[in-house]
Amino acid sequence: MQFFLSNDINYKKIKLGVINFILKNKIIIVPFFVVLLFISFYFLIDISSQSLVSHDEGLYARRARLIENSNNWFYPPFSYPHHKTLGSYWFIALSIRLFGNSELALRLPSILSSFFCLICSYLIALKITNKKSALISVFSLASMPLWIQYSRYASPDFPFVLCILLVILFFLKSLDYSEYIRPHFYVFLSGLFISTSFFIRSYMAFVPLIGLAPFIFYHLSRKEITFKILFCSGIFLGSIPTCLNLYFSLQKFGIVGFTKLFDFARKQAVGEFGFNNLMLVPLNFIYFTFPIGILLLILFIFTRSNIKINYPLLIYCFPVLSLFLLLCMSTSYPHYYLFLLPSLSIIFSTYLTSNSFRYTFSSSYIGYLLLIILLFISFILLFFIISYNDLLIQYTYGNPLIVYIITSFLLLSYFTSFRFLFDIKHHNSNLISFFYNIIIPQFISISLLYNFGVLGNPNYTIKLFLKDESVLPIINTNTIYLYSVDSKTQTLLSYYLPSSKVVDDFETIKKYKYLITSNINYIEKEEVKQSFISIKKFDNHLLLMNSSE
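Residues numbered from 1 in each chain as written. Predicted model: local features only at pLDDT ≥ 70, side-chain atom pairs only at ≥ 80, totals over all residues. Heavy atoms only, no water.

Participant: Is there a simple way to think about a nonpolar patch on the surface in this case?
Facilitator: The grouping of Phe206, Ile210, Leu250, Ile255, Val256, Phe258 and Phe262 at the surface amounts to a nonpolar patch, some 600 Å² of accessible area in total. For the nonpolar patch, the secondary structure elements donating two or more residues are helix H10 (206-220) and helix H13 (256-269). Note on placement: Ile210 falls in helix H10. Owing to a relative accessible area of 41%, Ile210 belongs among the partly exposed residues under this scheme. (Patch = residues over 30% accessible without salt bridge, like charges linked within 9 Å, V, L, I, M, F, W, Y side chains within 5 Å. Areas by Shrake-Rupley, 256 points an atom, 1.4 Å probe, with all protein chains shown as cover. Salt bridge = Lys/Arg side-chain N within 4 Å of Asp/Glu carboxyl O. Helix = DSSP H or I, 4+ residues; strand = E, 2+ residues; numbered from the N terminus. Buried < 20%, exposed > 50% of the residue type's maximum accessible area, 1.4 Å probe, protein only.)

Participant: Mind showing me how you'd approach the nonpolar core here?
Facilitator: Inside soluble globular proteins, nonpolar side chains tend to come together where they are buried. Ranked by size, the top nonpolar core spans 113 residues in total, and within it Trp147, Ile216, Leu326 and Phe348 carry the most contacts. Take this core: its biggest share by element is 15 residues, from helix H8 (residues 157-176). Not counting residues within four places of it along the chain, the set of residues in contact with Phe348 comprises Ile136, Ser140, Ile292, Leu295, Leu296, Leu299 and Phe435. Membership of the second largest hydrophobic core comes to 32 residues, among which are Ile67, Ala93, Ala154 and Tyr496. (Core = buried A, V, L, I, M, F, W, Y, C linked by side-chain atoms within 4.5 Å. Contact = heavy atoms within 4.5 Å.)

Participant: How should the packing of aromatic side chains be read in this particular structure?
Facilitator: Aromatic rings considered in pairs are described by the distance between their centres and by the relative angle of their planes. According to the stated counting rule, one finds 41 aromatic pairs in the structure shown. An angle of 45° between the planes, with centres 6.1 Å apart, marks the rings of Phe38 and Tyr42 as tilted. Of this pair, Phe38 and Tyr42 both sit in helix H2 (residues 26-43), separated by four residues, roughly a single helical turn. For Phe38, a relative accessible area of 14% puts it in the buried group. Under the relative-accessibility criterion, Tyr42 is labelled buried at 1%. Note on Phe171 and Phe215: the rings are 5.4 Å apart at their centroids and 65° apart in plane angle, and the pair reads as edge-to-face. Placement of the pair is Phe171 in helix H8 and Phe215 in helix H10, with a sequence separation of 44 residues. Neither residue differs from the other here; Phe171 and Phe215 are each classed as buried. If you follow Arg152 out to its NZ or CZ, it ends over the ring of Tyr42, 5.2 Å from the centre. (Phe/Tyr/Trp six-rings, centres within 6.5 Å; stacked < 30°, edge-to-face > 60°. Lys NZ or Arg CZ within 6 Å of the ring centre and 35° of its normal.)

Okay, structure coming up:
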């Protein structure tokens, strides 16, 4: 009896000690667990529910594997002059070498780069505003649909964004310190990442770099010559991979290997002015940045920021000039705007944390507008779930439960946020509470939808086909020939089946043992129909076996 009593006393002492430790160190422990939970939504991924998106992910994956298989990562392994520098594929190729050929390995560079981008964005915001604004900017950035989408996309977009943020961060750090060594080291790193960004994203690097030029040149002009030399030295050192890549391209393809890169840039940048793209920009802005974009517009109209912004050339001139260049391009895609989102989140955080009303009716108008918007979004979600339930079941491959749970979670967050909208006396704190009440559930919900393959998984049927018991032994031991396969499926099969070969001549297909085609009309011909047996069908494609072999 005494033994159990002493054990009970010891348990209570340990429990009391743990509670006291947590209470004394809650300033460290609570943020640590918040960050740990935040990171978990990046990496808790159901690998079995992931598939590549055509064309881009399939193309990046296939080209990256070619580089990974080559012995020289600067030498183009392609059979034709390429329009991108090889840095576009380096991180994916390295991930393939370390972790193998899986969707998670292909997307891991974007996942990691996105996470480090958030850290860089926080540190930049910290130098420009304050801790409160910096924290809000990180949460707003992480919750944007466009940011979440490309955080789980096999492409060089996020490594490129990380390079641009490192250029800004190190340049800001070089302006902060009064010692001799540190600022020179930081400005060297800033220059290094300028040229590295070009190696990763080719001509697209010019857009943010031109946008940053007024900010960089203004501060460089006020520094001594040593500072400028180190900055240029960083640019020179960082350009070595690009120079090696161009040198080997010249060796293999001649002058075309060099001009192809800039011809592609010219075609993308010069052409008809895209009025259709320009018309879609406001809608894309609201959709891809929801709710940050629309909240910023409302705050900009009805309030004014009371925080003094450091480095206005960086916060205002950089995004405005870059946006102007993007709008002038003949071809523009949503992911081109990714590098502007950190600036947008910082501007938004300054308006949200410290503002004053422009008009006497501003407070009530903000509340009613946000109420109408949330009710409208809630109605859209409910209408979609009820009216398109069959489509939802098909799209989630018979498992719509996660969509129902996430939709309910989002709607609950919308309804609970209404209480923050109409307290005029404490409008700032309530708008911030409203922001967190909306933004955190959105980050969790969209992340889970991507992690469990409800979003970003359009070619799941191809993976099911490749894993089928009747198909797997065939593709593991035989060359599969692709005839008249649509281009998107061909791109994916060329990655998933590295030994596959594309054939264009219908007259020769009878000599191949295994064939995948979508051209059912040709296969229905009598002479072909007698030769081939259908093994498995996926979408509108057939895997055929030559029975006459």
